[in-house]
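Below, each chain spelled out in residue letters.
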Amino acid sequence: MNSFRRIGNVAGSGWMMISKFIIIAVPLVMIWVLWDKAYPLLKDNGFLNVLSGTEWKPSSDAFGFRPFILSSLYVSLGAIIISAPLCVLSAVYLSEYAHRRILSFMQPVIDILAGIPSVIYGVWGILFIVPWVRESVAPAMGLESTGYSILAGSLVLAIMIIPFILNILLELFSAIPNELRDAALSMGTTRWEMVKVSVLRRTGPGIISAIGLGWARAVGETIAVMMVVGSTFMIPESIVSSGYPLPALIANNYGEMMSIPKYDSALMLAALLLLVITVVFNILMRLVIRRFTIQSDGHEL
Amino acid sequence: MIFSTLVIVGALGTILYTIIAKGLPYLNWDMVSSLPQGGYYFGKEGGVLNAIVGSLYLALGATALALLISVPVALYMNVFMRRRRRMVEAFRFFLDVLWGIPSIVYGAFGFTLMIAFQIRTSLQAGIIAVGLFIAPIMIRAMDEVLQTVPNGIREAAYSMGCTKTETAFRFFMRKAAPGIVTAVLLSFGRAIGDAAVVLMTTGFTDFIPTSLDQPVATLPLAIFFQLGSPVPEVQGRAYASALILTIIILIISLGARFFSRMYYKHH
């Protein structure tokens, strides 16, 4: 090898090593930095007190996360309850019933939904969902509401995570070998019975994990939710009252976090909570999904 | 089942319809060609050129930075680690998990570091934070394409005396080029649409930045801030800005489809 090639070779491999190192280091540094910031609050106020406390008065050293954690849970669970059935049913329809042409029509629809930025969903939520909740849903429930509510947040999130869950489901279903479907059909089952036995029951845990991944995505979503959820400091009383999820807490208050002692610690704890929840959920759910897609591909492991 | 599929199509329909119907009346040449003038946020003259250009700067910078990290990692996974199946699988898994971290966490992380190192909100801080945020998506998108590069190319390159590094950069990269373009476009779309990271790292300004250490305005934040105004005229401009952002995103995703189709046609 001449020296020119040798230098190129070393530079190329060095570049690869450095990039790989950066990618692996980012999450580790992130966890370390956030933990380092959040630790003082946890140490002084007690871990359980902080997580379960209901009072939020940063100026008098009261940092109760309960309203935020509950809001986050309500909004994201609401989103899952709305979008999970939609996703499972349309995934079954698209992969088992629909003509190929319909699937190839839906592919760009899913892609565009996935590509629309969060802030656009927020604008849509304000213009479309919020008035609907205010004028139709809340009166129907006999309640007053501004429309900026848990329900509005859930509806917007539900649409946002549909493309994400739907894509995983379609991939799961397409990994099922056709022989299994034919075997069921040749036993004289109807199409729906075949779907139940060879598709849904077989991929059951995979479906649940796909929904779990959708949930983890919903929990961390910031701008769109923040625009429609109301953001008032209280434990939400009903689905049409407003809430204050964790990401909104960070995004609304990071500006003054250095002016009050321990405020920065509290906000970074919120970020750390989001990080831990999403990472743990991602790991667990993806492990299950991986088993399903790899097994049925038949060429791995 | 057909109903739920229709609901999904309908949701996209109402989103596009709402944005177009509300945004179009307020969209005019001034919106896209001029900076906010004095009193802009009370409904006076001006446009959101600062945010459009700012978003493009930021997204271009972040995509370039992510590309710098992603290309070698994706190549490494597919040339150097090809024999070690389990390690590649584990690395892919790691990237997928990394992709699941919400953008607000990247924002909070970036903001904390900026305070620690006394860096002001600026274009460069935003580029680094957003670049790191989109890198996992970009690597995985490239990886999907590189996986389909036939083994024969690798063997042919080795038999001609190429080193692994040369094989990676000379042949794998060229073979997967249209796929890499798709990956870049997808990540560009993420970068331009993200609001949570830029909210905490780039600040906001009425001017177009002339250097990397100045704050920069971005479209998602321009939409967000204008919507918060009580003046109907300004809210209307938020809708128009939303329409502009939607059009940019649609163009990008059409481009991505075009290139990915090109790749699979030649394949």
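Because the structure is a prediction, the values reported are computed rather than measured.

A closer look at the overall build of chain A
A count of helical and extended segments in chain A gives eleven helices and two strands. In chain A, the succession of α and β elements from N to C terminus is α-α-β-β-α-α-α-α-α-α-α-α-α. Expressed as lengths along the three principal axes of its C-alpha atoms, the size of chain A is roughly 75 × 70 × 35 Å. By residue count, 54% of the 301 residues in chain A fall in the buried class. Once local pairs closer than 6 in sequence are excluded, the contacts in chain A between residues at least 24 apart make up 72%. Here chain A contributes 20 positive and 18 negative side-chain charges, whose respective centroids are spaced 9 Å apart.

Looking at the packing of helix α5 (residues 118–140) of chain A against helix α11 (residues 219–227) of chain B
Packing of α5 of chain A against α11 of chain B leaves a shortest axis separation of 9 Å and a crossing angle of 25°. Judged by the angle between their axes, α5 of chain A and α11 of chain B are roughly parallel. When you trace α5 of chain A past α11 of chain B, the crossing you get is left-handed. Along its contact with α5 of chain A, which presents V119, I120, V123 and I126 of chain A, the element α11 of chain B presents P220, I223, F224 and L227 of chain B. For the contact of α5 of chain A with α11 of chain B, the per-class residue count stands at eight nonpolar, no polar and no charged.

Points about the interface of chain B and chain A
Facing the 72 residues of chain B at the interface are 78 residues of chain A. Between chain B and chain A lies a buried interface of about 6800 Å² when both sides are counted; carbon and sulfur atoms form 81% of it. The tally of links from chain B across to chain A stands at two salt bridges. Between R5 of chain A and E166 of chain B there is a salt bridge, with the nearest N and O atoms lying 2.7 Å from each other. Inspection of the region where chain B meets chain A yields twelve residue pairs in polar contact (both at pLDDT 80 or more). Residue contributions to the side of chain B that touches chain A peak at 13 residues, all from helix α1 (residues 2–23) of chain B.

Quick look at the nonpolar core
Residues and elements named next belong to chain A. Counting residues in each nonpolar core, the largest one holds 186 residues, and the members touching the most others are F65 and Y121. Sort the elements by how many residues they give to this core and helix α6 (residues 150–174) lands first, with 19 residues. With sequence-adjacent residues up to four places away left out, F65 is seen in contact with L41, V50, L51, G53, W56, L246, L249, A266, L269, A270 and L273.

Topic: α6 of chain A
Residue and element names in this part refer to chain A. The first and last C-alpha atoms of α6 sit 35 Å apart over 25 residues, in line with the 36 Å expected at 1.5 Å per residue. Its maximal kink placed at I161, α6 deviates by approximately 40°, while the proline P163 follows within four residues. Most of α6 sits out of view: 22 of its 25 residues are buried.

A few points about the environment of L267 of chain A
All names here are of chain A. As for its position among the elements, L267 is in helix α11 (residues 263–297). Given the relative accessible area of 0%, L267 is considered buried. Each residue touching L267, except ones within four places of it in the same chain, is listed here: L249, I250, N253, Y254 and M257.

With respect to unusual backbone geometry
Excluding glycine, residues mostly have negative phi values, and the peptide bonds linking residues are mostly trans. If you check the backbone angles, Q118 of chain B has positive phi at about 60° while not being a glycine. With respect to the element layout, Q118 of chain B can be found in the loop between α5 (103–116) and α6 (123–146).

Regarding the layout of surface pockets
Space inside the second largest pocket adds up to approximately 340 Å³. Around the second largest pocket, the lining comprises 15 residues; the ones closest to its centre are F109, G110, L113, I128 and L132 of chain B. Counting residues per element, the ones that place at least two in the lining of the second largest pocket are α1 (3–45) of chain A together with α5 and α6 of chain B. Taken together, the residues that form the lining of the second largest pocket break down as twelve nonpolar, three polar and no charged.

Structural notes on the packing of aromatic side chains
What the rule picks out here adds up to 15 aromatic pairs over all chains. Where F68 of chain A meets Y244 of chain A, the ring centres are 5.4 Å apart and the plane angle is 85°; that geometry is what we call edge-to-face. Here the residue F68 of chain A occupies a position in helix α3 (residues 66–97), and Y244 of chain A occupies one in the loop between α9 (223–228) and α10 (246–253), the gap between them amounting to 176 residues. For the pair shown, F68 of chain A and Y244 of chain A are each scored as buried. Taking 5.4 Å as the distance between ring centres and 75° as the angle between the ring planes, the aromatic pair formed by F258 of chain B and F259 of chain B counts as edge-to-face. One aromatic cluster is present, built from ring pairs that chain together F65, F68 and Y244 of chain A. In this structure, R217 of chain A packs its charged tip against the face of F164 of chain A, placed 4.5 Å from the ring centre. The ring of W99 of chain B carries R217 of chain A above its face, with NZ or CZ at 4.8 Å from the centroid.

Structural notes on the side chain of S76 of chain A
Residue and element names in this part refer to chain A. Summarising the element assignment, S76 is placed in helix α3. The buried category is assigned to S76, whose relative accessible area is 1%. Within the structure, the side chain of S76 is placed 3.2 Å from the backbone oxygen of L73, a separation counted as a polar contact. Setting aside residues no more than four positions away along its own chain, S76 makes contact with L157, W215, A218 and V219.

So, the environment of I176 of chain A
Residues and elements named next belong to chain A. Summarising the element assignment, I176 is placed in the loop between α6 and α7 (178–186). In sequence terms I176 and N9 are 167 residues apart; their C-alpha atoms lie 43 Å from each other. Ignoring any residue separated from it by four or fewer positions in sequence, one finds I176 in contact with R181, S198, V199, R202 and T203.

Here's the deal with the pattern of salt bridges
Oppositely charged side chains can pair when the atoms bearing their charge come close. All names here are of chain B. Taken as a whole, this structure holds eleven salt bridges over all chains when the rule is applied. Note that R92 and D143 form a salt bridge whose closest N and O atoms lie 2.5 Å from each other. Of the two residues, R92 is situated in helix α4 (residues 85–99) and D143 in helix α6; the sequence distance between them amounts to 51 residues. Judged by its relative accessible area of 11%, R92 falls in the buried class. Among the residues examined, D143 registers a relative accessible area of 0% and is labelled buried. With its nearest N and O atoms 2.9 Å apart, the salt bridge here joins D143 to R140.

Observations regarding α3 of chain A
Under the 1.5 Å per step criterion, the end-to-end length of α3 of chain A is 45 Å for 32 residues, consistent within 8% with the ideal 46 Å. The largest bend in α3 of chain A comes to about 30°, at S83 of chain A, with the proline P85 of chain A one to four residues further on.

Analysis parameters
Residues numbered from 1 in each chain as written. Chains lettered and ligands numbered in written order. Predicted model: local features only at pLDDT ≥ 70, side-chain atom pairs only at ≥ 80, totals over all residues. Heavy atoms only, no water. Helix = DSSP H or I, 4+ residues; strand = E, 2+ residues; numbered from the N terminus. Buried < 20%, exposed > 50% of the residue type's maximum accessible area, 1.4 Å probe, protein only. Contact = heavy atoms within 4.5 Å. Lys, Arg positive; Asp, Glu negative; His and termini not counted. Charge placed at Lys NZ, Arg CZ, Asp CG, Glu CD. Axes fitted to C-alpha atoms, helices over the stretch in contact; angles between N-to-C directions. Parallel < 35°, antiparallel > 145°, perpendicular 65-115°, else oblique. Left-handed = near helix turned anticlockwise from the far one by under 90°. Nonpolar A, V, L, I, M, F, W, Y, C, P; charged D, E, K, R; others polar. Buried area = accessible area lost by both parts, 1.4 Å probe. Salt bridge = Lys/Arg side-chain N within 4 Å of Asp/Glu carboxyl O. Polar contact = N/O pair within 3.5 Å; in protein donor to acceptor, adjacent residues only side chain to side chain. Core = buried A, V, L, I, M, F, W, Y, C linked by side-chain atoms within 4.5 Å. Expected span 1.5 Å × (residues − 1). Bend = angle between axes of the 7 residues up to and from the residue. 1 Å grid on protein atoms, 1.4 Å probe; cavity = no way out; pocket = protein on both sides within 12 Å on 5 of 7 lines; lining within 4 Å. Points joined across faces, edges and corners; volume = space filled by probe spheres on them. Phe/Tyr/Trp six-rings, centres within 6.5 Å; stacked < 30°, edge-to-face > 60°. Lys NZ or Arg CZ within 6 Å of the ring centre and 35° of its normal.

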